[in-house]
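# Fold and geometry: a report
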Amino acid sequence: MKDQYRVVVIGGGVVGASVLYHLAKFGWTDVALVERNVLTAGSSWHAAGGIHALNADPNMAALQAYTIDLLSEVEAESGIDIGLHMTGGITVACDPNRWEWLQGAYRTFQTIGIDDCHLMGVDEIKEKCPIISTDGIIGGLWADREGYVDTTGTVHAYARAAKKRGADVIEHNKVEELHWKGDHWQVVTEKGTIRAEHVVNAGGLWAKQCGRMVGLDLPVSPLSHHYFLTETIPELEQIDFEVPMTVDLEGFTYMRQDKKGILVGIYEVDHQHWMMDGAPWNYGIELLQEDTDRIENELMMAFDRYPALNEVGISDWVNGAFTFSPDGNPLVGPVESVPNYWLACGVMAGFLQGGGVGKTLAEWMIHGDTETDAWSMDIARYGPQHSNREYIKQTTGQFYSRRFVMTYPNEQLPAGRPLRMAPAHDAMTAAGCRWGQSWGLETPLYFAPQDFVETPSLNRSDAAPFVEAECKAVREAAGLLDITGFSRFEVYGPGAEAWLETIFATKLPKPGRSRLAVMLSPEGKLKGDLTLFNWGDGTWWIMGSYYLRQWHKRWFADHEGPNMILRDISDDVCGFSVAGPNAKAIMQSIQPELDLPFMGCATFDLGLLRCKVGRLSVTGEHGYEIHCRANEHIALRRMLLDAGAGHGLREVGFNALLSLRIEKSYGIWSAEFTQDRTAAMTGMDRWIDWQKPDFIGRDAAMKERDKGPDQVLVTLGLDSPDADCSGYEPVWSNGTRIGFTTSGAYGYTVGQSIAMAMVDRAYAEPGTDLSVHVVGIERQAKVLAPSPYDPDGKAMRG
Ligand SMILES: Cc1cc2nc3c(=O)[nH]c(=O)nc-3n(C[C@H](O)[C@H](O)[C@H](O)COP(=O)(O)OP(=O)(O)OC[C@H]3O[C@@H](n4cnc5c(N)ncnc54)[C@H](O)[C@@H]3O)c2cc1C
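Anyway, here's the lowdown on the structure attached to this text. (Residues numbered from 1 in each chain as written. Predicted model: local features only at pLDDT ≥ 70, side-chain atom pairs only at ≥ 80, totals over all residues. Heavy atoms only, no water.)

## Brief notes about the site of the ligand
Stated precisely, the cut-off is as follows: Any residue with a heavy atom lying within 4 Å of a molecule or strand is counted as near it. For the purposes of these results, a polar contact is taken to be a pair of N or O atoms within 3.5 Å, where, inside protein, one atom must be able to donate a hydrogen and its partner to accept one; residues adjacent in sequence count only when each atom of the pair is a side-chain atom. Per-residue accessibility takes into account occlusion by the displayed protein chains alone, with areas from the Shrake-Rupley method and a 1.4 Å probe. Put simply, DSSP marks the helices as runs of H or I at least four residues long and the strands as runs of E at least two long, and each gets a number from the N terminus on.
Surrounding the ligand, one finds 41 residues, the nearest of these being Glu 35, Ser 44, Gly 50, Val 347 and Gly 350. Contact distances for the ligand include 2.9 Å between a nitrogen atom and a backbone N or O atom of Val 175. Taking Ala 349, its main chain carries an N or O atom lying 3.4 Å from an oxygen atom of the ligand. Notes on the ligand: free accessible area 1000 Å², of which the protein chains cover 98%. For the shell around the ligand, the elements supplying multiple residues, two or more each, are α1 (14–25), β12 (221–230), β16 (314–324) and α9 (350–367).

In structure tokens form, the structure reads like this:
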């Protein structure tokens, strides 16, 4: 062990070893992995080793596919046999909705390049997996890239391959303390102190404690998990191939062959947390006592699904713990307040995700950014409110128990809610509001009679008539929307303007004006689709998506400017928007002097309240955003509802907004706008001020402007009477895949299902005939001219 390294990776599980390997592979070879015990001594040694590319989250599916493709490379490079068995895999569906979902998922996988899969009937399932009972099975999805590995071999292979590239692996050496010394870390270990530029927390079951060493309370908890191994199954002795990795979603089990028996793992409905603060330090290579009573139902289903289990004995039980974050995805990346401290933890499926996690983190550390959008595993998707123990317990438990349960796009899950509510929440609930949530804040979806219960569905929801009525109100009269669920940053000080000029690619709005503002990374990728307000008194607001608050804060902190102050005022400010042809009359009935130009903004007295008002709306109508102090939220709502009573004002939710905005071809973050797309691809380049001499991402954006992007964002009109796109559906031209959808909704004003899609530039002309698979069924589509509703923007500007 040296006393100085560029990077110290804490933890010798599969994730730490993969991080070490990728750092060395990408050129940082002065790196060391420090392991408390021996390699694999956490969750890794007793994992079932199952690998499969399919995941309901397309980003995670791509990450898993990368990991699986990498495994044989690491095996070859290290010279260690990792026991790779690529048996292929089957996911079976017994429920008609699940079967419908699998058909849609199959198309999503095509979109992200997992082409080696196909839908299969019951006969093929039986042929590929003779030991399965097909009772109740409707169909399945086959994927080539599935199988299993030897877990210990895999961890050692990553470590050996890293060592071959110059990395060090130090076992039997616990990291005890971490101290930031202004320009480096002092890593205090049992065997001495190491000076390191960077530290990676890949502490697995102990990640929580390794976070606390630097004052972090990470949203992660271990849960226990069972699998069992059987004695030899005679049927398996008689066939000359291995049965595939098989997932029975409705039975909560996965199964793979193990020698001539099988391994069956169970996602227990009655889940159990274990050591929520992290495993004890003296916990070693050991197991928990199995608890078969708790998993009795799942076991009975497994015995029905694989009848041979009734004939042979169980040879071994494994009940071990592994970690989960609230949404089940890894916790990766830098932490805003702790310099050069990186996370690679909360990885619940290290053997199928660890490769991708290692690659992503190594890119981030070395290049300052990742090749692909890392949002779904970025630690910045969580804020301080998510460190609450009860929140972690409810959400991680919910994820675990629902691991194989299908979540519908219109389904709201209960764990960790309600956590944050705007003051008018209860009054809005009494008015029939149905709530979603964003970053822990309850946000209105739509309003309906109290006795209405929405049916979870992959197709257009039975709540559509309520959403339609809300859209109609906005287009024909006025709609009132609670806009508390946005982030608001206040910027001021002598250096504020200069800082904004650098951080935004957009021309800054003049005093009393607002503007849509684009933020780019140095590589020209999107970093934000924000709205800038210049209040004219030296104060600016940056307004964006509420759930991106922490992410934007980290970006702002990383690019801090001199002589300016940035305050996150999102928790202090609430608001409503009023939009529609009657919006002006409503506002002027409260404040006759309120006569803002389009995109104007100013402070007004509205009744007893002093509010900041901007004249803009993503509905495409004449509209106002009205911001008040949090404790004025109830009064503002009452005042606006009273003023709007004679003008047809109706409360609306974000489901209506999603429909209204897509009729205007307005993109939103996480759908049209993501970190792996550029301004030119998404049309955001029209907000770039090319005259500005300097802003982050200028050179890259200029280069792209000259060359033109390969893919562009278009609006599609679909012939789809019963379902709308939700994103990642493949877009076809005469059987060739030429793009994918980014989002979709029914456009109630234009009377058509609308989607936005990224397509190859050659197919972007309005009028081009295409097709799209929506919930697995191919539908005709046509490229529309942008903004199918009011293309000239008369309603909005008038
Ligand atoms: C029963 C079971 C079955 C599973 N099946 C699968 C499967 O089929 N496929 C799959 O992909 N995943 C599976 N998993 C999950 C998988 O095991 C984990 O996702 C994976 O092992 C996590 O790896 P890790 O490196 O993050 O953590 P760990 O394996 O827990 O490694 C963390 C390491 O960090 C070390 N460490 C911690 N703190 C310190 C410190 N302060 N100083 C030095 N060292 C420290 C620990 O000793 C440990 O070795 C299963 C898990 C269980 C329990």
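## Let's talk about the pairing of β16
Note on strand geometry: in a regular strand, side chains alternate between the two faces of the sheet. Operational definition: Any residue under 20% of the maximum accessible area for its type is buried, any over 50% is exposed, and the rest in between are partly exposed; the area is computed with a 1.4 Å probe on protein chains only. We call two strands paired when DSSP finds no fewer than two bridges between them.
Here β16 lies mainly inside the structure; eight of its 11 residues are buried. Note: β12 against β16, 10 bridges, orientation antiparallel. Bridge pairing in β16 places His 226 opposite Asn 319.

## Re the environment of Ala 671
This is how it is decided: Residues count as neighbours in contact if any of their non-hydrogen atoms are within 4.5 Å of one another.
Checked against the element boundaries, Ala 671 lands in the loop between α17 (654–662) and α18 (679–682). According to the relative accessible area criterion, Ala 671 is buried, its value standing at 11%. Considering only alpha carbons, one finds Ala 671 and Gly 727, 56 residues apart in sequence, at a separation of 7.1 Å. If we ignore the near neighbours within four places in the chain, the residues touching Ala 671 are Arg 677, Thr 742 and Ser 743.

## Some remarks on helix α8 (residues 296–305)
Using the following cut-off: Along the arc lie the directions from the helix axis toward the C-beta atoms.
All of the buried residues in α8 are Glu 298, Leu 299, Ala 302 and Arg 305. Projected down its long axis, α8 shows its buried positions confined to an angular sector of 120 degrees, all on one face. Residues Asn 297 and Asp 304 are exposed on α8 and point more than 90 degrees away from its buried face. For α8, the secondary structure elements touched by its buried residues are β12, β13 (245–248), β14 (253–258), β15 (261–266) and β16.

## Section: the pairing of strand β28 (residues 601–606)
Relative to strand β29 (residues 609–614), β28 runs antiparallel, the two being bridged by six bridges. Counterpart to Phe 604 in the pairing with β29 is Cys 611. Linking two consecutive strands that pair antiparallel, namely β28 and β29, is a turn of two residues; a positive phi of about 55 degrees is found at Gly 607 within it.

## Digging into the sheet that holds strand β33 (residues 730–733)
We count it as follows: To obtain an axis, a line is fitted to C-alpha atoms, over the contacting stretch when the element is a helix, and the angle between two such axes runs from 0 to 180 degrees between their N-to-C directions.
Taking strand neighbours around the barrel as the criterion, the six strands line up as β32-β35-β34-β33-β36-β37 in a closed arrangement whose pairing is antiparallel. Strand-to-strand twist across the sheet, computed as the mean angle between neighbouring axes with direction ignored, equals 40 degrees. In terms of strand pairing, strand β32 (residues 711–718) meets strand β37 (residues 777–784) through four bridges, oriented antiparallel. Considered in β37, the bridge of Thr 715 is made with Leu 784.

## Description of the layout of surface pockets
Short version of the rule: Only protein atoms enter the 1 Å grid, on which a cavity is a set of points fitting a 1.4 Å probe that cannot get out and a pocket is an open set with protein on both sides within 12 Å along at least 5 of 7 lines, lining residues being those with an atom within 4 Å of a point. Grid points are joined across faces, edges and corners, and a volume is the space filled by probe spheres set on the points. The residue classification treats Ala, Val, Leu, Ile, Met, Phe, Trp, Tyr, Cys and Pro as nonpolar and Asp, Glu, Lys and Arg as charged. All others, Gly included, are polar.
Roughly 450 Å³ of internal volume is contained in the second largest pocket. Around the second largest pocket, the lining is made up of 27 residues, and of these Pro 334, Trp 364, Gly 368, Arg 554 and Asp 558 lie nearest the centre. Broken down by class, the residue content of the lining of the second largest pocket amounts to 11 nonpolar, nine polar and seven charged.

## A few points about the sheet that holds β28
Spatially, β28-β29-β30-β27-β21-β31 is the arrangement adopted by the six strands of the open sheet, whose pairing is mixed. A strand with exactly one partner marks an edge of an open sheet, and here the two such strands are β28 and β31 (649–651). Across this sheet, the average inter-strand angle for adjacent strands is 25 degrees, counted without regard to direction. The sheet strands contacting helix α12 (residues 464–476) are β21 (478–482), β27 (573–579) and β31, and the helix crosses β31 at an angle near 145 degrees.

## Digging into the packing of α1 against helix α5 (residues 151–164)
The cut-off we apply is this: To sort the angles, those under 35 degrees are grouped as roughly parallel, those over 145 as roughly antiparallel, those from 65 to 115 as roughly perpendicular, and the leftovers as oblique. By definition, any crossing whose near helix is turned counterclockwise from its far helix by less than a right angle is left-handed, and any crossing with a clockwise turn is right-handed.
Packing of α1 against α5 brings their axes to within 8 Å, and their N-to-C directions diverge by 25 degrees. Regarding the angle of α1 to α5, the classification is roughly parallel. Along this stretch, α1 crosses α5, giving a crossing that reads as left-handed. Taking contact as the criterion, the partners of Val 14, Ala 17, Ser 18, Leu 20, Tyr 21 and Ala 24 in α1 are, on α5, Val 155, Tyr 158, Ala 159, Ala 161 and Ala 162. Per-class residue counts for the contact of α1 with α5 are 10 nonpolar, one polar and no charged.

## A few points about the side chain of Thr 619
Mapping Thr 619 onto the fold places it in the loop between β29 and β30 (623–629). Polar side-chain contacts of Thr 619 include one of 3.1 Å to the backbone nitrogen of Glu 621. Every residue in contact with Thr 619, bar those within four places of it in the chain, is listed here: Val 474, Arg 475, Ala 579, Leu 657, Leu 660 and Lys 664.

## Thoughts on the pattern of salt bridges
What counts here: The rule for a salt bridge is simple: a side-chain nitrogen of Lys or Arg has to be within 4 Å of a carboxyl oxygen of Asp or Glu.
Applying the stated criterion across every chain, the model contains 43 salt bridges. Its salt-bridge partner being Asp 571, residue Arg 549 comes within 3.1 Å of it at the nearest N-O pair. A residue pair is termed long-range when its members are at least 10 positions apart, and Arg 549 in helix α14 (residues 549–558) and Asp 571 in the loop between β26 (565–568) and β27 qualify at 22 residues. Given a relative accessible area of 42%, Asp 571 falls into the partly exposed group. Linking Lys 584 and Asp 595 is a salt bridge whose minimum nitrogen-to-oxygen distance equals 3.5 Å. Residue Lys 584 is found in helix α15 (residues 583–590), and its partner Asp 595 is found in the loop between α15 and β28; the two are separated by 11 residues along the sequence. Several salt bridges share partner residues, and in doing so they unite Lys 208, Arg 212, Asp 217, Asp 277 and Arg 389 into one network.

## Examining unusual backbone geometry
Here Arg 417 and Pro 418 are connected by a cis peptide whose omega angle stands at -10 degrees. Its identity as a non-glycine residue notwithstanding, Trp 439 has a phi of 55 degrees, on the positive side. Take Trp 439: it is sitting in the loop between β19 (433–438) and β20 (441–447).

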